[in-house]
Amino acid sequence: MPNSSGYRAVVSARNLTKRFGDFTAVDGISFEIPAGESFGLLGPNGAGKSTIMRMLGGVSRRTSGELEVMGLDPERQGPEVRAHLGVVPQQDNLDEELRVRDNLIIYGRYFGLPMSYLRPKSAELLEFAQLGDKAGARIGELSGGMKRRLTIARSLINDPGILLLDEPTTGLDPQARHVLWDRLFRLKERGTTLVLTTHYMDEAEQLCDRLIVVDRGRIMAGGSPAELIRAHSSREVLELRFGAGRNASAAGALAGLGERIEVLPDRILVYADDGEAVLGQAVARGLEPATSLVRRSSLEDVFLRLTGRSLID
Amino acid sequence: MGPVHDGAPHLVPDGRPLAGLYSRNARAVIARGLLATRTSNWTVMVSGFFEPVLYLLSMGIGLGALVGEVAGPGGQEISYAAYIAPALLAVSAMNGAVYDSTWNVFFKLNFAKLYQNMLYTSLGPLDVAIGEIFLALLRGFLYATGFTVVMAALGLATSPWALLMVPASVLIAFGFAAVGMGITSFMTRFQQMDWIGFALLPMFLFSATFYPLTVYPEPVRWFIQALPLWHGVELLRQLGVGQVGPATLGHLAYYLVMAAAGLVLTTVRLRALFLR
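Residues numbered from 1 in each chain as written. Chains lettered and ligands numbered in written order. Predicted model: local features only at pLDDT ≥ 70, side-chain atom pairs only at ≥ 80, totals over all residues. Heavy atoms only, no water.

## Considerations on the packing of aromatic side chains
Residue and element names in this part refer to chain B.
At step 1: Per the counting criterion, the structure on display carries 12 aromatic pairs over all chains.
At step 2: Ring plane angle 75° and centroid distance 5.7 Å describe the contact between Tyr55 and Phe204, whose orientation is recorded as edge-to-face. Placement of the pair is Tyr55 in helix H1 (residues 26-67) and Phe204 in helix H7 (residues 190-206), with a sequence separation of 149 residues.
At step 3: Overall, Tyr55 belongs to the partly exposed group, its relative accessible area being 33%.
At step 4: Looking at Phe204, the relative accessible area reads 10%, which means it is buried.
At step 5: A ring pair is formed by Phe106 and Phe190, whose centres lie 5.2 Å apart and whose planes are at 80°; its orientation type is edge-to-face. Remark: Phe190 occurs in helix H7 and Phe106 occurs in helix H3 (residues 103-110); sequence separation between them is 84 residues. (Phe/Tyr/Trp six-rings, centres within 6.5 Å; stacked < 30°, edge-to-face > 60°. Helix = DSSP H or I, 4+ residues; strand = E, 2+ residues; numbered from the N terminus. Buried < 20%, exposed > 50% of the residue type's maximum accessible area, 1.4 Å probe, protein only.)

Next comes the structure, spelled out in structure tokens:
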């Protein structure tokens, strides 16, 4: 629908709510995603991110609120909406009874696509996923990274306008993650709208133009990664480790330094615009941390500030 | 990588009835089932054919040697093997259809997550249900054909009517598969699936499968006659020896109603079954 800022949102949610019995998984969430944007849902496990994704795909019914995907209600027009969606679920659910190439072809058949399209398309996607030499392999023979790439290749079989990615790189090693990020960047450059959930702040910072921070089914904050960090954290963070059992007493001695202090089980975070200066003040107070590190604020710090909890427990 | 998107277009709603549940593409589900069978599990398919054949050899030929001749549907004397063979075919149609529509659906839904895949595409739950029921019936058709050939080879099919046992078995399977899938929509845990087995085993043993209904007192007979398997056993038994009459049509009607009721139940419960 056209809105005040003039763009047409491809996804528009208003007061989206999902309850399972007494438990409210998604609690009155509203957001809009313009075409071509890369939009992130950042939050810990159980925050309601996957439930939102399932409602976008029309495979979970909302309890209340309004939802439009490309102008249609995915609950009432599920098959039509999903014809334009690509979905990468949190867990690879490849068809273990079919070979690698057949996974792509049969998935394309689910969209009603003809074989004359699917034969060249599946070959092209296997190359894109760097699985060209695995076409005839069984799924069980693939590594974790290969399965993930195949799942992403499969989600592209219908040339989707919107790609839903639920925790796309969870469980992958750093190299495999970077390969995957590169592929997602290419899709974004082609104008594909990306909607992704993640509990990795670096992933959100790398891939998202804009994101919402979700906790316990509610939106805690929203904006671009840089905006969120500016609004909810200091420029820099000083991380100090004093060793097990000594963090709490050291925290007392640090009182008054920086803008804010967070005591975590394994370390102390001091938020300040100049981390090195605060470190100097701490040493001047006679503190001797086992390790110290000054870094820029990240979305992890934003999340900690907003919820009082870490993203990864 | 295909065309560059100039932003995602806005769609026009499809006004067909059931547009949210059905995309007229059950054949994709069928194509997947056939390819999966060819790639991975054809051995399981083959083993399913032997079950009723083994029962027939053991009980019909083995036990039958002790029993001798018994009265068939029209009162004529037939061998015990010829008496129980159609009943075993009905049982096999029931078991296969129930397995495919309950355990198999439950497993693919909750463990293999196969339907999760399908339902994230243009497919709707009705496409999946129709495709799975069709696959179950195709399998039932192949088993029934094989079993009927075995019966003929053993000299147990004595009338041309016996050929109609094949489509009749498919109808029996259809009735059980449609109702079975509807029932599966109410199941949330594996333990509940065991209740289905509790219902099937006594029905197999007591539905006049191995002896005539007349051994029971009147109230028990009524009870058995209300259950579906008895109608299947009688239907195939009458076709096997060519004793066809109004009762045959009654049994057929029972399954037509059962299949229709099962389809309605399954369609009403589709969201509960697939979109939890």
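## Remarks on the UniProt feature "transmembrane region" (unreviewed entry) in chain B
Residue and element names in this part refer to chain B.
At step 1: Per the UniProt record, "transmembrane region" (unreviewed entry) is found at residues 49-68, 80-99, 119-138, 170-188, 195-213 and 252-274.
At step 2: Annotation note: span residues 170-188, helix share 79%, strand share 0%, distance between end C-alpha atoms 28 Å.
At step 3: Annotated as 63% helix and 0% strand, the span residues 195-213 places its first and last C-alpha atoms 25 Å apart. (UniProt positions renumbered as here; feature names shortened; annotations may be inferred.)

## Focus: the UniProt feature "domain: ABC transmembrane type-2" (unreviewed entry) in chain B
At step 1: Following the UniProt record, one finds the feature "domain: ABC transmembrane type-2" (unreviewed entry) at residues 43-273 of chain B.
At step 2: Between the C-alpha atoms that bound residues 43-273 of chain B there is a distance of 29 Å. The span itself is 77% helix and 3% strand.

## Thoughts on the nonpolar core
At step 1: Ranked by internal contacts, the top residues of the largest apolar core, which has 149 residues, are Phe31, Leu150 and Ile162 of chain A together with Tyr115, Phe176 and Phe274 of chain B.
At step 2: If we ignore the near neighbours within four places in the chain, the residues touching Phe176 of chain B are Met94, Ala97, Val98, Ser101, Met203, Pro228, Leu229, Tyr255 and Met258 of chain B.
At step 3: Residues Leu240, Ala251, Ala282 and Leu287 of chain A belong to the second largest nonpolar core, which totals 14 residues. (Core = buried A, V, L, I, M, F, W, Y, C linked by side-chain atoms within 4.5 Å. Contact = heavy atoms within 4.5 Å.)

## A short note on the sheet that holds strand E12 (residues 268-272) of chain A
Residue and element names in this part refer to chain A.
At step 1: If you trace the 4 strands from one edge of the open sheet to the other, you get E11-E12-E10-E13, paired in antiparallel fashion. At either margin of the open sheet sits one strand with a lone partner, and together these are strand E11 (260-263) and strand E13 (291-296). Ignoring which end each strand starts from, the neighbouring axes of this sheet average 20° apart.
At step 2: One ladder, built from 4 bridges, connects E11 with E12; its direction is antiparallel. Paired with Arg260 across the bridge in E12 is Tyr271.
At step 3: In this fold helix H9 (residues 247-254) packs onto strand E10 (236-241), E11 and E12, with an angle of close to 25° to the strand it touches most, E12.
At step 4: Of the strands in this sheet, E10, E11, E12 and E13 are in contact with helix H11 (residues 299-307), which crosses E12 at around 100°. (Pairing = 2+ DSSP bridges. Axes fitted to C-alpha atoms, helices over the stretch in contact; angles between N-to-C directions.)

## Notes on the pairing of strand E3 (residues 38-42) of chain A
All names here are of chain A.
At step 1: For E3, a buried count of 5 out of 5 residues is recorded, marking the element as mostly surrounded by other parts of the structure.
At step 2: Looking at chain direction, E3 and strand E7 (residues 193-198) are connected through 5 bridges and run parallel. From the neighbouring strand, Ser38 faces E7, where its bridge partner is Leu194.
At step 3: As paired elements, E3 and strand E8 (residues 210-215) share 4 bridges and run parallel to each other. Across the sheet, the residue bridging to Leu42 is Val213, located in E8.

## Here we look at the pattern of salt bridges
Residue and element names in this part refer to chain A.
At step 1: Counted by the stated rule, this structure contains 29 salt bridges over all chains.
At step 2: The partner of Arg210 in a salt bridge is Glu37, and the shortest N-O contact between them spans 3.0 Å. In this pair, Arg210 is assigned in strand E8 and Glu37 in the loop between strand E2 (23-34) and E3, connecting sequence segments 173 residues apart.
At step 3: Since its relative accessible area comes to 27%, Arg210 is described here as partly exposed.
At step 4: When its relative accessible area of 11% is taken as the criterion, Glu37 is described as buried.
At step 5: Measuring nitrogen to oxygen at the nearest pair gives 2.8 Å for the salt bridge that ties Arg295 to Asp301.
At step 6: The class for Asp301 is buried, based on a relative accessible area of 1%.
At step 7: In the salt-bridge network here, residues are joined through shared partners; they are Glu239, Arg241, Asp266, Arg267, Arg295 and Asp301. (Salt bridge = Lys/Arg side-chain N within 4 Å of Asp/Glu carboxyl O.)

## Focus: the interface of chain B and chain A
At step 1: Across the contact, 40 residues belong to chain B and 54 residues belong to chain A.
At step 2: Carbon and sulfur atoms supply 55% of the area buried between chain B and chain A, which totals about 4,200 Å² over both sides.
At step 3: At the junction of chain B with chain A, the criterion picks out 13 residue pairs in polar contact (both at pLDDT 80 or more).
At step 4: At the level of secondary structure, the elements contributing two or more residues to the side of chain B that touches chain A comprise H1 and helix H4 (114-119) of chain B. (Buried area = accessible area lost by both parts, 1.4 Å probe. Polar contact = N/O pair within 3.5 Å; in protein donor to acceptor, adjacent residues only side chain to side chain.)

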